[in-house]
Amino acid sequence: MAEVKKRAFDMVREPGTTKPCLKCKWGIEDPTDPSVGQCTSGRTTEGGVWKRLIHDYYNTTCAKFTEGEVDFRDHV
Ligand code: SF4
């Protein structure tokens, strides 16, 4: 059985962070509860998107934070 390797990174809960998942281009908020979201920066070895749940969308950050381009939101 092939081992699934995922690029690991640690989400950090950092109240008041200036780099929240909210502003990150990888983050998408939950449509029903915007205080939680999902991180879409992960990729499986097959290249698929590996989503991770973000429990506190406004106060979580990580080393992969990338200021978005969140243009898909601008069109909502
Ligand atoms: S890459 Fe990091 S900062 Fe960006 S959404 Fe994912 S966990 Fe949040």
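Residues numbered from 1 in each chain as written. Predicted model: local features only at pLDDT ≥ 70, side-chain atom pairs only at ≥ 80, totals over all residues.

J.: Any chance you could break down the overall build of the protein for me, citing the residues and the numbers?
T.: Secondary structure summary: the protein contains one helix and five strands in total. In sequence order, the protein lays out its α and β elements as β-β-β-β-β-α. Here the contacts in the protein between residues at least 6 apart in sequence split such that 57% fall between residues at least 24 apart. (Helix = DSSP H or I, 4+ residues; strand = E, 2+ residues; numbered from the N terminus. Contact = placed C-beta atoms within 7 Å.)

J.: How would you sum up the nonpolar core? Please name residues and give values.
T.: Generally speaking, nonpolar side chains in soluble globular proteins are found buried as a group. Counting eight residues, the largest nonpolar core consists of Cys21, Leu22, Cys24, Trp26, Cys39, Ile54, Tyr57 and Phe65. With near-sequence residues (within four places) excluded, phenylalanine 65 lies in contact with Lys19 and Cys24. (Core = buried A, V, L, I, M, F, W, Y, C linked by C-beta atoms within 7 Å. Buried ≥ 20, exposed ≤ 12 C-beta atoms within 10 Å, placed from the backbone.)

J.: Please set out the site of the ligand residue by residue, giving values where relevant.
T.: Contacts to the ligand come from 13 residues, most closely from Cys21, Cys24, Gly27, Cys39 and Cys62. Put simply, the parts of the chain that give the shell around the ligand at least two residues each are strand E3 (37-43) and strand E5 (60-62). Top contributing element to the shell around the ligand by residue count: E5, with three residues. Of the residues belonging to the shell around the ligand, the class tally is eight nonpolar, four polar and one charged. (Near = placed C-beta within 6 Å. Nonpolar A, V, L, I, M, F, W, Y, C, P; charged D, E, K, R; others polar.)

J.: Hey, could you go over the sheet that holds strand E2 (residues 27-29) for me, with residue numbers and the actual values?
T.: If you walk across this open sheet you meet the three strands as E2-E3-E4, and the pairing is antiparallel. Unpaired on one side and paired on the other, E2 and strand E4 (49-54) mark the two borders of the sheet. Each strand axis lies, on average, 30° off the axis of its neighbour in the sheet, ignoring direction. Two strands pair when backbone bridges link them, and E2 and E3 are joined in this way by three bridges, in the antiparallel orientation. Bridging from a neighbouring strand, glutamate 29 pairs with glycine 37 of E3. (Pairing = 2+ DSSP bridges. Axes fitted to C-alpha atoms, helices over the stretch in contact; angles between N-to-C directions.)

J.: For the pairing of E3, give the residues involved together with the corresponding values.
T.: In this structure, E3 lies alongside E4, joined through five bridges in antiparallel fashion. Within the sheet, the bridge partner assigned to arginine 43 lies in E4 and is valine 49. Where E3 hands over to E4, the hairpin turn is made up of five residues, of which glycine 47 adopts a positive phi near 90°.

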